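Chain by chain, the residues:
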Amino acid sequence: MIYDVSIPITNAMPVWPSDPPVKLTPESHLSRDKSHTVRLTRIDMGSHTGTHIDAPWHFVANGRRLNEIPIETLVGPATVCEIRGVRSIRRDLVEKLPLKGIERILFKTGNSNHWNDGTFFEEFVYLEPDAAQILVDRGVKLVGIDYLSIDQYKSEKHPTHFVLLERDVVIVEGLNLSEVPPGNYTMAALPLNLQDADGAPARVILMKA
Ligand SMILES: [Zn+2]
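Quick question: what am I supposed to make of the environment of Asp-33 here?
Within the fold, Asp-33 resides in the loop between strand E2 (23-30) and strand E3 (37-44). The class of Asp-33 is exposed, set by a relative accessible area of 56%. Once the C-alpha coordinates of Asp-33 and Glu-95 are considered, the two residues, 62 residues apart in sequence, prove to be 66 Å apart. For Asp-33, the side chain forms a polar contact with the side chain of Ser-31, separated by 2.7 Å. Engagement of the side chain of Asp-33 in a polar contact is seen with the side chain of Ser-35, the distance being 2.7 Å.

Could you clarify how one ought to interpret the coordination of the zinc ion in this entry?
Metal coordination angles have textbook ideals: 109.5 degrees for a tetrahedral set of four donors and 90 or 180 degrees for an octahedral set of six. Protein coordination at the zinc ion comes from His-48 (ND1), His-52 (NE2), Asp-54 (OD) and Glu-173 (OE), with a distance range of 2.0 to 2.4 Å. The site at the zinc ion holds 4 donor atoms, and with the angles between them running 74 to 167°, its shape is irregular. Summarised as a motif, the one-chain spacing of the donors to the zinc ion is H-x3-H-x1-D-x118-E. Each of the two residues, His-48 as well as Asp-54, counts as buried.

Help me understand the packing of aromatic side chains in this model?
Following the criterion strictly, the structure yields 12 aromatic pairs and no others. An angle of 55° between the planes, with centres 5.7 Å apart, marks the rings of Phe-120 and Tyr-147 as tilted. Note that Phe-120 is positioned in the loop between strand E7 (104-108) and strand E8 (126-127) and Tyr-147 in the loop between strand E9 (142-145) and helix H4 (159-165), a separation of 27 residues in sequence. For the pair Phe-120 and Tyr-147, one class covers both residues: buried. Taking the centre distance of 6.0 Å and the plane angle of 90° together, the rings of Phe-121 and Tyr-147 count as edge-to-face. Of this pair, Phe-121 sits in the loop between E7 and E8 while Tyr-147 sits in the loop between E9 and H4, and the two are 26 residues apart along the sequence. Since its relative accessible area comes to 16%, Phe-121 is described here as buried. Overall, the relative accessible area of 0% leaves Tyr-147 in the buried class. Joined through ring pairs, the aromatic side chains of Trp-16, Trp-115, Phe-120, Phe-121, Phe-124, Tyr-147 and Tyr-153 make up one cluster.

For this particular structure, what's the right way to read the pattern of salt bridges?
Close approach of charged atoms allows side chains of opposite charge to pair. A full pass over the atoms with the stated rule returns 9 salt bridges. Note that Arg-87 is salt-bridged to Glu-123, the shortest N-O span being 3.8 Å. In this pair, Arg-87 sits in the loop between strand E5 (75-82) and strand E6 (88-89) while Glu-123 sits in the loop between E7 and E8, placing the two residues 36 residues apart along the sequence. For Arg-87, a relative accessible area of 34% translates into the label partly exposed. Two residues, Glu-103 and Arg-104, come together in a salt bridge whose shortest N-O distance is 3.8 Å. For Glu-103, a relative accessible area of 33% gives the class partly exposed. Relative accessible area serves as the criterion here: at 3%, Arg-104 is assigned to the buried category. In the salt-bridge network here, residues are joined through shared partners; they are Glu-103, Arg-104 and Lys-141.

Reading guide: rules and limits
- Sequence order sets the numbering: in each chain, residues are counted from 1 along the sequence as written.
- Local features in this predicted model are restricted to residues of pLDDT 70 or higher, and side-chain atom pairs are both shown and tallied only at a pLDDT of 80 or more, whereas totals for entire chains, interfaces and linings draw on every residue.
- Excluding hydrogens and water, the side-chain values take into account all heavy atoms of the structure.
- Only runs of H or I of at least four residues qualify as helices and only runs of E of at least two qualify as strands under DSSP, and these elements are numbered from the N terminus.
- Three labels apply to residues, based on accessible area from a 1.4 Å probe with only protein chains included: buried if under 20% of the type maximum, exposed if over 50%, partly exposed otherwise in between.
- Polar contact is the term for a pair of N or O atoms within 3.5 Å; when the atoms are in protein, one must be able to donate a hydrogen and the other to accept it, and sequence-neighboring residues count only if both atoms are side-chain atoms.
- Each metal site is built from N, O and S donor atoms within 2.8 Å (3.2 Å for Na, K and Ca), and since water is not included, such sites may look incomplete.
- A site with four donors is called tetrahedral when every donor-metal-donor angle falls between 85 and 135 degrees; four donors are called square planar, and six octahedral, when opposite donors sit more than 155 degrees apart and all other angles fall between 65 and 115; any other arrangement is irregular.
- Aromatic pairs are defined between Phe, Tyr and Trp rings, using the six-membered ring for Trp, whenever the two ring centres lie within 6.5 Å; interplanar angles under 30 degrees are classed as stacked, those over 60 as edge-to-face, and all others as tilted.
- Salt bridges are counted wherever a side-chain nitrogen of Lys or Arg sits within 4 Å of a carboxyl oxygen of Asp or Glu.

Remember that the coordinates give geometry; whether it matters functionally is a separate question.
What follows is the structure, given as structure tokens:
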């Protein structure tokens, strides 16, 4: 069983309010012998569109660029943890999780039900910075969440991003985990290989053994 937990990229998808809108423009021309049409698409969008990877450089001066994240961090065992009915993922909730041996953790929240709202969902569930600190202390290498930021909307200091990215913990944002039962999977989260970038859209899949 393979779950595609990436958001489809469309001109109508929700994007972060200050980010560039997505503009996919179909283009085409006739082949030289005029026997067929050659189609391609002009792509205009931000590097943090839809399901995407945050590299440390997104916030941390001298942090790792996207292409400096080892591929081994982006592929491997991942645990989906479901946390329901909360405004944020707090420290006490994370303390109760069986984190031993977990290197990649993906939080499934009520956010996943808001991808089809048609507008940006401002009240999304986020990860508290002291909860993120526990993940860092336990050796987690990658943290995912099912909306467009791991920090609270309108956060000014982005504390959770800093807790994670300053310690080289990779963030995956914009997951759709609505169809995925909690549990253990093998994950592949492969961003476009944009050189020296702060992040990039990724196709993320979860495979159940
Ligand atoms: Zn991002």
